Amino acid sequence: MTTEFTTRITEAVVDSLDGTADPRLRELLAALTRHLHAFVREAEPTTQEWEQAIAFLTATGQSCTATRQEFVLLSDVLGVSMLVETINSEGRGERDENGERGEEAERDEEGERGESDGRGGVTESTVLGPFHMTESPARELGADIDLVGGGEPCVISGRVLSKDGTPLPGAVLDVWQANAEGYYDVQQPDVQPPGNGRGLFTADAEGRFWFRTCVPSPYPIPTDGPVGDLLRATARHPYRPAHIHFIASAEGHTPVTTHIFVAGSDYLDSDAVFAVKESLVQDFTETDDPSRAQRFGIPNPFRHARFDLVLNATNTPGARDSERA
Ligand code: BEZ
Ligand code: FE
């Protein structure tokens, strides 16, 4: 039902923002108002349903603690985190000082990204997630981030490169993963030592990195709060496919927050947070090579994932405004 009033109220609220000093804040609030009002006009929630929605958001806020961010989880399961991450890593950098999107960004939206699509181009990004909440310990190349053992041993290796193929010596890789049972160290402070599954590595003079770990497993996101209630009410499962998180950074380059996903893992096609991009799925190849196993300090045979992380130089199309010189 659209009466004259239900249209006019949207214009009135948007007009009331005219005095907002920050033009970007005005733009964001105006768009939020228009979309929220359009949602109400389309779905026509009853008063009781709206009260239920407010109670849900209140409970979501009340579930947040210093070590738990239920609002981030809500944004994750609704796909909003992935939208924000992807828009910011692929297109927003082409806004000019007036916030307008230039020709490059428009072309990108039409699928003409050229090399920057994660296939031979810069590494695609994906969600940060809520478990990067503690500093990763600095470790030597080749170190084992699985401090407990018990999982299937594997080696992760590759190079950090600029988009033109130049190796990036001194690039820093922040790595974190759940253990073989699917829990992060911070979720099991009484079971896992702090820093288990985490490492901060510096690439060598040729931009190479390598470290040991265990093959990760799929795991469920936390379901003991309002987001869990939402998943149950919508008959959705809470699982994420097996993955390892990375933040790769190098001087003069835009950092990338990403994962590698284990090829063949369950849930690759139904990630609870919609974070799988095909270019990030990597083979953890069964490798029977005693001399390489000895060099990596790992029992033979072992699983080996090899991939390069490719970063965009700042001041090149696709780099974020905030990271340009
Ligand atoms: C994670 O991969 O750590 C994660 C991402 C989003 C929600 C929950 C967990
Ligand atoms: Fe994770």
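Refer to the structure printed above.
These lines cover the structure that appears in this document, whether it is placed above or below. (Residues numbered from 1 in each chain as written. Chains lettered and ligands numbered in written order. Predicted model: local features only at pLDDT ≥ 70, side-chain atom pairs only at ≥ 80, totals over all residues. Heavy atoms only, no water.)

The next subject is a nonpolar patch on the surface. On the surface, L25, L29, L32, L36, F39, V40, W50 and I54 cluster together to form a nonpolar patch covering roughly 690 Å² of accessible area. Only helix 2 (23-43) and helix 3 (47-62) provide two or more residues apiece to the nonpolar patch. No other element matches the six residues that helix 2 contributes to the nonpolar patch. Looking at the element boundaries, V40 is found in helix 2. (Patch = residues over 30% accessible without salt bridge, like charges linked within 9 Å, V, L, I, M, F, W, Y side chains within 5 Å. Areas by Shrake-Rupley, 256 points an atom, 1.4 Å probe, with all protein chains shown as cover. Salt bridge = Lys/Arg side-chain N within 4 Å of Asp/Glu carboxyl O. Helix = DSSP H or I, 4+ residues; strand = E, 2+ residues; numbered from the N terminus.)

With that out of the way, let us pick up the site of ligand 1. If you check the shell around ligand 1, you find L73, D76, G129, P130, F131, Y184, Y219, I221, R240, H243, H245 and V273 and nothing else. At a separation of 2.6 Å, an oxygen atom of ligand 1 approaches a polar side-chain atom of Y219. Contacts to ligand 1 include H243, whose side-chain N or O atom sits 3.0 Å from an oxygen atom. In isolation ligand 1 has 260 Å² of accessible area, and contact with the protein removes 100% of it. Looking at the shell around ligand 1, the elements that each hand over two or more residues are helix 4 (70-77) and strand 7 (243-249). When grouped by side-chain class, the residues that make up the shell around ligand 1 number seven nonpolar, three polar and two charged. (Near = heavy atom within 4 Å. Polar contact = N/O pair within 3.5 Å; in protein donor to acceptor, adjacent residues only side chain to side chain. Nonpolar A, V, L, I, M, F, W, Y, C, P; charged D, E, K, R; others polar.)

Before going further, it helps to examine the coordination of the iron ion (ligand 2). The coordination sphere of the iron ion (ligand 2), as far as protein atoms go, consists of Y184 (OH), Y219 (OH), H243 (NE2) and H245 (NE2), spread over 1.9 to 2.2 Å. In this structure, the iron ion (ligand 2) is coordinated by six donor atoms arranged in irregular fashion, with angles at the metal of 54 to 164°. H245 gets classed as buried once you look at its relative accessible area, which sits at 2%. (Donors = N, O, S within 2.8 Å, 3.2 Å for Na, K, Ca; no water. Tetrahedral: all angles 85-135°; square planar, octahedral: opposite > 155°, others 65-115°. Buried < 20%, exposed > 50% of the residue type's maximum accessible area, 1.4 Å probe, protein only.)

By size, the foremost hydrophobic cluster in this structure holds 27 residues, and its most contacted members are I156, L173, F246 and F284. Those elements that place two or more of their residues in this core are strand 1 (153-162), strand 2 (172-176), strand 4 (208-214), strand 7, strand 8 (256-262) and strand 12 (309-311). Aside from chain neighbours lying at most four places away, what touches L173 is V160, G199, L200, F201, F209, F246, I247, A248 and L309. The next biggest cluster of nonpolar side chains, apart from the first, holds 11 residues, and it includes L73, L74, V273 and A275. (Core = buried A, V, L, I, M, F, W, Y, C linked by side-chain atoms within 4.5 Å. Contact = heavy atoms within 4.5 Å.)

Before going further, it helps to examine the packing of helix 1 (residues 4-15) against helix 2. The geometry of helix 1 relative to helix 2 is characterised by a closest axis approach of 9 Å and an angle of 165° between their N-to-C directions. Classified by the interaxial angle, the pair formed by helix 1 and helix 2 is roughly antiparallel. Viewed along their axes, helix 1 and helix 2 form a crossing whose handedness is right-handed. Judged by residue contacts, T6, T7, I9, T10, V13 and V14 of helix 1 engage A30, T33, R34, H37 and R41 from helix 2. Considered class by class, the residues forming the contact of helix 1 with helix 2 number four nonpolar, five polar and two charged. (Axes fitted to C-alpha atoms, helices over the stretch in contact; angles between N-to-C directions. Parallel < 35°, antiparallel > 145°, perpendicular 65-115°, else oblique. Left-handed = near helix turned anticlockwise from the far one by under 90°.)

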